[in-house]
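Remarks on the overall topology
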Amino acid sequence: MNAIECKGLSKQFEKNFALQEAEVKIPENRIIGVLGPNGAGKSTFFRLLVGQIKSNTGEIHVLGQKPSWELNHQIAYLPDRARWYLDYSVEKTIEYGKNFLPGFQEDKAYDLADRMKLDASMMTASMSKGQEAKLMLILCMAREVPLVILDEPFAGIDMIAKEQIMETIIDLASEREQTILISTHEIAETEGLFDYVVFFKEGKVILSGDVEELRGQQGSLQSIYRELYR
Amino acid sequence: MEERKVGSFVFQIDLSQPLYEQILDQIRSSVARGEIGLGEKIPSVRELAISLKVNPNTVMRAYQELERDGLTEKRRGQGTFITTSKDSIASFKSELAERYCLEFVDKMKSLGYTEKDMIHWITHAKGVNK
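Residues numbered from 1 in each chain as written. Chains lettered and ligands numbered in written order. Predicted model: local features only at pLDDT ≥ 70, side-chain atom pairs only at ≥ 80, totals over all residues.

Considering the environment of A:E106
Residue and element names in this part refer to chain A. Along the chain, the position of E106 falls in helix α3 (residues 106-115). Taking the number of C-beta atoms within 10 Å as the measure of exposure, E106 has 12 and is therefore exposed. For the pair E106 and R226, spaced 120 residues apart in sequence, the C-alpha separation works out to 41 Å. In contact with E106, not counting residues within four places along its chain, are I94 and K98. (Helix = DSSP H or I, 4+ residues; strand = E, 2+ residues; numbered from the N terminus. Buried ≥ 20, exposed ≤ 12 C-beta atoms within 10 Å, placed from the backbone. Contact = placed C-beta atoms within 7 Å.)

Focus on the domain arrangement of chain B
Residue and element names in this part refer to chain B. Per the domain assignment, the segments making up chain B are domain 1 (2-82) and domain 2 (86-124). Broken down by element, the side of domain 1 that touches domain 2 gets its largest block of residues, three residues, from helix α1 (residues 19-32). A class-by-class count of the residues in the side of domain 1 that touches domain 2 yields four nonpolar, one polar and two charged. (Domains from an automatic or database assignment. Nonpolar A, V, L, I, M, F, W, Y, C, P; charged D, E, K, R; others polar.)

A word on the interface of chain B and chain A
The partner chain A presents 19 residues to the 17 residues of chain B that form the contact. Looking at the side of chain B that touches chain A, the element that brings in the most residues is helix α2 (residues 45-52) of chain B, giving five residues.

Some thoughts on the pairing of strand β8 (residues 196-201) of chain A
Residues and elements named next belong to chain A. The element β8 is extensively covered by neighbouring structure, given that five of its six residues are classed as buried. Bridge analysis of strand β3 (residues 31-35) against β8 gives four bridges, and the strand direction is parallel. The residue of β8 that forms the bridge with I32 is Y196. Note: β8 against strand β9 (residues 204-210), six bridges, orientation antiparallel. (Pairing = 2+ DSSP bridges.)

Some points on the sheet that holds β3(A)
Residues and elements named next belong to chain A. In space, the six strands of this open sheet follow the order β5-β6-β7-β3-β8-β9, with mixed pairing throughout. Bordering the open sheet on either side are β5 (75-78) and β9, each of which pairs with just one other strand. Neighbour to neighbour, the strand axes of the sheet diverge by 15° on average, direction disregarded. Two strands pair when backbone bridges link them, and β5 and strand β6 (residues 147-151) are joined in this way by four bridges, in the parallel orientation. (Axes fitted to C-alpha atoms, helices over the stretch in contact; angles between N-to-C directions.)

Pasting the structure below:
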């Protein structure tokens, strides 16, 4: 079954088309790389999935439904450039997750914090960019929901933090049935993570498929990326 | 290409080739060469996926294939182990040797060499006896 199906999806901001007649099909229970240069339409696509913006034309089906606030109970979404309240500690953040986020598992959240070396008493204000990114990731990944959307979770983060985030995602994916969409520009470092990939260009999907098959036919995702966008 | 040690295995992962085949081939070779002992426990899918930073489904596929080969056995609640049967490994090793020979012979035939030429090449090709 497909977790996401979109037909003829267009979204216009003033005169510019962020998405133009995009056709997107994404299978469930995979880790999907959503790739493409800045401005290709990736973040707009994500925002449409969670109903933050409305499309001009086209159809969207997420987990078999149209986007809505009810559907968002089943989606954990980490927006691009997400920041967190400066006066929250890790502990208070997890408390927040428990109280407000559907499917949030407190034990899991503490496990993840431990794994990523975030101390419970640490305050957001004192965190590095990588530590804050990990905290935001915990808010998403501690949720037992069928769909997770991470918009650039690796942007501007040091190598060790990046590896810890990747390990956490792999760890959770091996015990759960979950569809995880991840957009990133760090293809060389993260491509092993993906088993399905969608390439966006100028508001359209120009290539998608099983990563292992694509590797067999065309080589690494990095080299496919170069061919598509150079 | 980066080398990664996981338990008794050393992996070299090349992102331009299917990862599942590389994981499979490299475990097969270590078993065939006897680098990992009979009945030894191998890393779980999760452990290997995390160490290699690779999708768990990819590792799972390689593990299923190893089990079909008869090289590994799953024990309930304990994990995956290298087979305890020397015969299974020996017969798998002969199968692999045969497959490699056929590949070699096919390639040499495509260059127009006869069987006699091939034997000459095997013993005299540069680097063979290193």
